Amino acid sequence: MKTIQIDHKNGKYSVQFQELDQALADLPSDLRIVTDENVAQLYEAKLGNFQVLSISPGEQSKSMDGLGKILSWLAQSRATRKTTLCAFGGGVVGDLAGFAAAVYMRGIPLIQIPTSLLSQVDSSVGGKVGIDLPEGKNLAGAFYPPVHVSICSDSLATLPARQFINGMAEVWKYGFIMDTGLLDILSQEKLSSAHPVLSSIVERCIRLKAEVVQADEFETLGLRAILNFGHTVGHTIEFATGYGPVLHGEAISIGMVVESRIGERIGLSPNGTADQVIHCLLSQGLPVTHECLRDVDKLVQAMYADKKSEKGEIAMSLLSDIGSCRLMKGVEESVIRSALQAS
C-alpha cells in the first residue's frame, strides 16, 4: 500500500492509496459523512451504516446556505469536537465539508475520500477549503489540512466521461507548470478511467502538489501560486456563467489558453506557447473557448476580486515556458482585454 506523507505547520497527514472498501472500513466510529446526492446513490449500500448528509451536486452547493446546512446537521446530530467529518465525493464536497470541519466548534478532524479525478489529483490535497460568495469564487475559506486522505482508484470507474475529462484539465496543468515528462506521457497515452497507467498519473500529480504546498503552505512566497495557472480567468468564467454550466476543469482549461496568450503578450511566454496548450487540451476533448469570453467587462471586473490581486492590480500565474510557471503581479488590464478578445 503506497503512502505519501505531507508536512504542514501543525503536523503532518498521510495520503494513502487503497481500495474504497478498505478506506471505509478504516474510518473511526465517531463519524459523520458529507457527500452529494449522486455519490450517495452510487454507494448507497456501502454508506448504509454511517450517519450521512447528502447535498445537491454541483458548485452551487458551495455557498453560505450549504455551509449552514452542514453545520446545523452536525449540531443536531450531536457531533462533538472529537467527531470526525469525512468528505466523500468530488471537489465541491471536499471544499464545503472541509470548511465546515474547520469552523464547527472551532475545528474538528477532517478526512478526505475524493471520488473524482479532479479532487484526487488536486483539491483533496493541500489543505485549502472554502465556499463561493455571490461576489466571486472561493472568497471565504481556510487553510485546514485533513488528518488523512484516502485515494481510491476504484471510485473513478463510476465517473461519467465528462467528469473524467474535467479532471484531466488539472492533470495537464501539472505538466504545463512543472513537469514536461508528464506532458510526454499524456501526449502518448489516451487516458480513461480504466487505463492501467492512470493510478501512477494520479500519484505523480499528488507528489507534485505536495512538493509545492510543503514549500509554501500559506501562499506567502509566491511558489504555491503556480498551481493557479488558468485559475484567475477560469474562476471568472465559473462566476460569469453562474457556477454550473461550465465545470471547474473546463473553466480552467479555457483559462489556461487565455493566460497562455497573456503570457505571450507580456513577453514572458515564448511565442507559440498558447498554440501548444490548445493542441494538448483539444487532444483531451477539453474546451478552449466559451461564448462568455465576449463579456470582457464582466470578466475583467471579476478578476479584481481574485485572491491573488493586490492594491487594485490583477495578478496571474503565467508560463515562463512549457514546464515552468511564475506569479506575475500588476498584469495590465489592456493586455488581459486583448487576450480575451482574441479567444
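Every value quoted in this text rests on a predicted model; they were computed, and no experiment measured them.

Draft legend 1. A look at the overall build of the chain. Within the chain one finds 13 helices and 11 strands. The C-alpha atoms of the chain give a radius of gyration of 19 Å, which matches the 20 Å a tight globule of 343 residues would have. With the C-alpha coordinates aligned to their principal axes, the bounding extent of the chain is approximately 55 × 40 × 35 Å. Looking at the 343 residues of the chain, the share that counts as buried comes to 57%. When contacts within the chain are restricted to residue pairs at least 6 apart in sequence, long-range pairs at least 24 apart make up 70% of them. Accessible surface, the chain: about 14300 Å² in total, of which carbon and sulfur atoms supply 49%. Looking at charge distribution, the chain has the averaged site of its 30 positive side-chain charges lying 5 Å from that of its 38 negative ones.

Draft legend 2. Just the state of the cysteines, in detail. A complete count under the given rule lists 0 disulfides for this structure. The cysteine Cys 152 is free of any disulfide, with Cys 86 supplying the nearest cysteine sulfur at 9.5 Å.

Draft legend 3. Structural view of the pattern of salt bridges. In this structure the tally under the stated criterion is 19 salt bridges. The residue Arg 204 makes a salt bridge to Asp 179 at a minimum N-O spacing of 2.8 Å. With a gap of 25 residues between them, Arg 204 in helix α8 (residues 198–215) and Asp 179 in the loop between α6 (161–178) and α7 (180–188) connect regions that are remote in the sequence. According to the relative accessible area criterion, Arg 204 is partly exposed, its value standing at 29%. Since its relative accessible area comes to 11%, Asp 179 is described here as buried.

Draft legend 4. Representation of the side chain of Glu 250 within the structure. Of note, Glu 250 is situated in helix α10 (residues 248–265). The buried category is assigned to Glu 250, whose relative accessible area is 13%. When sequence neighbours within four positions are dropped, the list of residues in contact with Glu 250 reads Arg 162, Asn 166, Pro 245 and Pro 287.

Draft legend 5. Looking closely at the pairing of strand β4 (residues 52–55). The alternating pattern of β4 places Leu 53 and Ile 55 on a buried face, while none of Val 52 and Ser 54, on the opposite face, is buried. When strand β3 (residues 31–36) meets β4, the two strands line up parallel, connected through 4 bridges. When the bridges of β4 are listed, Val 34 appears paired with Leu 53. Assessed by its sense of winding, the connection that carries the chain from β3 through helix α2 (residues 37–42) to β4 is right-handed.

Draft legend 6. Fine view of the sheet that holds strand β2 (residues 11–17). The sheet built from 7 strands is open, its strands ordered β1-β2-β9-β6-β5-β3-β4 with mixed pairing. This sheet does not close on itself; its edge strands, each paired only once, are β1 (3–8) and β4. Recorded for the sheet is a direction-independent mean angle of 20° between the axes of neighbouring strands. When strand β5 (residues 84–89) meets strand β6 (residues 110–114), the two strands line up parallel, connected through 5 bridges.

Draft legend 7. Structural view of the packing of helix α9 (residues 231–240) against helix α12 (residues 296–303). α12 packs onto α9 with a crossing angle of 120° between their chain directions and a minimal axis gap of 9 Å. With respect to each other, α9 and α12 are oriented oblique. In the packing of α9 onto α12, the handedness of the crossing is right-handed. Here Thr 232, Val 233, Thr 236, Ile 237, Phe 239 and Ala 240 of α9 come into contact with α12, specifically with Lys 298, Leu 299, Ala 302 and Met 303. Tallied by class, the residues present in the contact of α9 with α12 amount to 7 nonpolar, 2 polar and 1 charged.

Analysis parameters
Residues numbered from 1 in each chain as written. Predicted model: local features only at pLDDT ≥ 70, side-chain atom pairs only at ≥ 80, totals over all residues. Heavy atoms only, no water. Helix = DSSP H or I, 4+ residues; strand = E, 2+ residues; numbered from the N terminus. Rg over C-alpha atoms; globule rule 2.2 N^0.38 Å. Buried < 20%, exposed > 50% of the residue type's maximum accessible area, 1.4 Å probe, protein only. Contact = heavy atoms within 4.5 Å. Areas by Shrake-Rupley, 256 points an atom, 1.4 Å probe, with all protein chains shown as cover. Lys, Arg positive; Asp, Glu negative; His and termini not counted. Charge placed at Lys NZ, Arg CZ, Asp CG, Glu CD. Disulfide = S-S within 2.5 Å. Salt bridge = Lys/Arg side-chain N within 4 Å of Asp/Glu carboxyl O. Pairing = 2+ DSSP bridges. Right-handed = clockwise from strand over helix to strand, strands pointing away. Axes fitted to C-alpha atoms, helices over the stretch in contact; angles between N-to-C directions. Parallel < 35°, antiparallel > 145°, perpendicular 65-115°, else oblique. Left-handed = near helix turned anticlockwise from the far one by under 90°. Nonpolar A, V, L, I, M, F, W, Y, C, P; charged D, E, K, R; others polar.

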